[in-house]
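Single-letter residue listing:
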Amino acid sequence: MKKKVILFFGFLSCVITGVLIFSIFSYKKSKKTLDIAYINLSKEVSLVIQNQVSSLYDGKIQNYEFSYEEKDLEKKLKKTDYIFTLDGDFVKNTEKKRFDSEVFNKLPKSIRRTDKNILPILLDNYEIAYSKDLLKELNCNVPTNLFELDDLLKKSKSHVFSPFFCAGKDDKTLFGLISCFVESFGGKKSYEKFVEVISSSKSFEKLLDVQLNEGEKDGEFTLRNILDLFKSWQQNEIVHPNWFNATKTDLNYFLQEEQVGVIFLPLSEHRTISRNLISKFEVSRFPVINQKIDHCLIAPSVVVIKKTKNELFDSVISEIVNDKIQTQLSKNSKWGPVSLKSQAYDRQADDVRFWASSCKGGQTPDLYNAVFQLDKERGNELANQIRSYLSQKN
């Protein structure tokens, strides 16, 4: 009798277990598939986001990875619910739906988007970094404006081979540097005009002399003024004379040889440099000329946009900016988080969030992302025209 009872309950247990497994499987199968596209993000950053999204949704997720040059991209994106990509030209020209405005309450005011249809989730940044040893040797502090930067570079000439250096052969870095100088000279308003001028002008000669700060009491300036400043640095041995053709390998060489005083690069590139080398540099926000005007931070940012009218997944995606998920995103990507109270990967990642939130204009895409995401050939053409100008003798 005991044996029969044991067999009966054993059989019953198997049936119940089978029903539960079938129910769970059927439940997951019945849930709508969440279709997400990742466009022009590094594999590392895409994977970090995918892992966090999968922790928020227990149904099926279909991930797609595309580039901006993908054939029939618009057609392929029709069935996607959300798109993760870098803020810029593509996002601006893509139809998108609004998020619930409450989602943005988790972000500092300056980081939020007023249009409510673009949700920032991670921040990169074009940073400037100073050799700690050189600052100590020269008894100088980190510059707070461009005048102090120029003074530091002049003092550095007798101490290092190239007081200033960046990998100017990379179009994105070259445009990033110019973006930071335009923003430094004229703030958010001038930078927005600069982007507009580059977007609409096909003539290099004409855009060289467009006034970017027209009528302002602090003085007018043009792209030519900025490029001529670079040329003066080249002639005065403040920067390597061929810096605009320099590569990331060249930058690493100068770092290893300790022959550079100040470097310019994005945070995402900072992460690829040996800790032994980069730890010798003090990272700072790019210095500005006039702190009284409204500024923005030149910072590529990962954003998510909504393509579907369906609100089924809104609660899932909105969780991407809660503090716990943001902490994991920053930790695993090494980029800056966007939520107010999340923990950043390190001081550099935390600084990016602080700088973006402390600027009235928040973070804004660099020139390459703002204008040339969908036309990199035109971007390369302009970059080469700039290099040609910089190589000419006065």
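Rules used in this analysis
- Residues numbered from 1 in each chain as written.
- Predicted model: local features only at pLDDT ≥ 70, side-chain atom pairs only at ≥ 80, totals over all residues.
- Heavy atoms only, no water.
- Helix = DSSP H or I, 4+ residues; strand = E, 2+ residues; numbered from the N terminus.
- Buried < 20%, exposed > 50% of the residue type's maximum accessible area, 1.4 Å probe, protein only.
- Contact = heavy atoms within 4.5 Å.
- Salt bridge = Lys/Arg side-chain N within 4 Å of Asp/Glu carboxyl O.
- Pairing = 2+ DSSP bridges.
- Axes fitted to C-alpha atoms, helices over the stretch in contact; angles between N-to-C directions.

A.B. asks: Go over the overall build of the protein, please, and point to the residues and values.
C.D. replies: For the protein, the helix and strand inventory stands at 17 helices and eleven strands. Seen through its C-alpha atoms, the protein measures out along the principal axes to roughly 105 × 45 × 35 Å. For the protein, the residues scored as buried account for 52% of the 394 residues in total. Expressed as a percentage of contacts within the protein between residues at least 6 apart in sequence, the contacts between residues at least 24 apart total 73%.

A.B. asks: Describe the pattern of salt bridges, listing the residues and the values that go with them.
C.D. replies: Taken as a whole and assessed by the stated rule, the structure comprises 20 salt bridges. Notably, a salt bridge pairs E192 with K188, separated by 2.5 Å at the nearest N-O pair. One end of the pair is E192 and the other is K188, both in helix α7 (residues 171–200) and four residues apart, which spans about a single turn. Within this structure, D87, R113 and D115 form a network of salt bridges that share partners.

A.B. asks: Tell me about the sheet that holds strand β2 (residues 61–66), and please be specific about residues and values.
C.D. replies: Taken together, the five strands give an open sheet; going across it, the order is β2-β1-β3-β10-β4, and neighbouring strands pair in mixed fashion. Lying at the two open borders of the sheet, with one neighbouring strand each, are β2 and β4 (119–123). On average, adjacent strands in this sheet sit at an angle of 20° to one another, irrespective of strand direction. Inspection of the sheet shows β4 paired to strand β10 (residues 301–306) by four bridges, in the antiparallel sense. Bridge pairing links L119 to V304 in β10.

A.B. asks: Residues and numbers for unusual backbone geometry, please.
C.D. replies: One non-glycine residue, K116, lies in positive phi territory at about 65°. What makes K116 buried here is its relative accessible area of 18%. Residue E237 is not a glycine yet carries a positive backbone phi of 60°. In this structure, E237 sits in the loop between α9 (223–235) and α10 (248–256). The class for E237 is exposed, based on a relative accessible area of 56%.

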